[in-house]
Amino acid sequence: MSGKPELKGRAARLARLFPTGGGQAARAPFVLLVVVLLGGGLLVLLVLNSALSEGSFQLDDLKQQTKELTDEEQGLQRDVDAYSAPQALQRRARELGMVPGGDPAFLAPDGTVKGAPAPASPASAPLVIAPEALTARPVPATPTPGR
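From a predicted model like this one, the values you see are computed outputs, not experimental measurements.

## Details of the overall build of the protein
And step 1. Each helix and strand in the protein was counted, giving four helices and two strands.
And step 2. Ordered by position in the sequence, the α and β elements of the protein form the string α-α-α-β-β-α.
And step 3. The buried share of the protein, reckoned over its 147 residues, is 3%.
And step 4. Sequence separation of 24 or more characterises 31% of the internal contacts of the protein that already satisfy a separation of 6 or more.
And step 5. Entry remark: accessible area of the protein is about 13700 Å², with carbon and sulfur atoms responsible for 65%.

Here it is in structure tokens:
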């Protein structure tokens with residue numbers, strides 16, 4: 001006799017389903033596989049977290065760069081608007097020596113001239129003062145009484 005009680009019936013059928021012998025040898029590869037999978041999963045999470053952090057920093061840099069470029073664009077648009085204003089165009093034309101044109105003449109389809117063409121002359125040009133000149137008047141110094 002081996003010292004083990006002999007199983008009969010249902011217990012014998014259930015006993016055949018379980019492996020015989022020591023369970024330590026069969027558990028070692030499974031435990032090693034679980035440890036490797038958990039370690040690999042942690043390393044993958046670390047790499048993903050680092051990649052997401054780097055992407056976040058790049059996103060912040062790009063947002064800052066977009067804000068700076070938008071501010072520069074708005075400043076340039078203000079400059080273009082200032083140079084395109086009618087008063088600025090008139091002032092720059094006068095600085096270049098341009099004067100308003102005289103009476104125009106028109107050509108009819110048959111080739112005849114309608115109107116009396118006349119060259120523009122500086123004497124006939126109306127004097128228009130730029131608004132900047134009106135606001136930039138020097139303030140006369142007034143003596144203070146009692147000094």
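## A word on the pattern of salt bridges
And step 1. In total, this model carries two salt bridges according to the counting rule given.
And step 2. Between aspartate 71 and lysine 67 there is a salt bridge; the shortest N-O distance is 3.7 Å. With aspartate 71 and lysine 67 both in helix H2 (residues 24-84) and four residues apart, the pair spans about one turn of that helix.
And step 3. Lysine 67 sits in the partly exposed class, given a relative accessible area of 48%.
And step 4. Taking the shortest distance from any N to any O, the salt bridge between arginine 91 and glutamate 95 comes out at 3.5 Å. Of the two residues, arginine 91 and glutamate 95 are both situated in helix H3 (residues 86-95); the distance of four residues between them amounts to about one turn of the helix.

Quick notes on the rules
Residues numbered from 1 in each chain as written. Predicted model: local features only at pLDDT ≥ 70, side-chain atom pairs only at ≥ 80, totals over all residues. Heavy atoms only, no water. Helix = DSSP H or I, 4+ residues; strand = E, 2+ residues; numbered from the N terminus. Buried < 20%, exposed > 50% of the residue type's maximum accessible area, 1.4 Å probe, protein only. Contact = heavy atoms within 4.5 Å. Areas by Shrake-Rupley, 256 points an atom, 1.4 Å probe, with all protein chains shown as cover. Salt bridge = Lys/Arg side-chain N within 4 Å of Asp/Glu carboxyl O.

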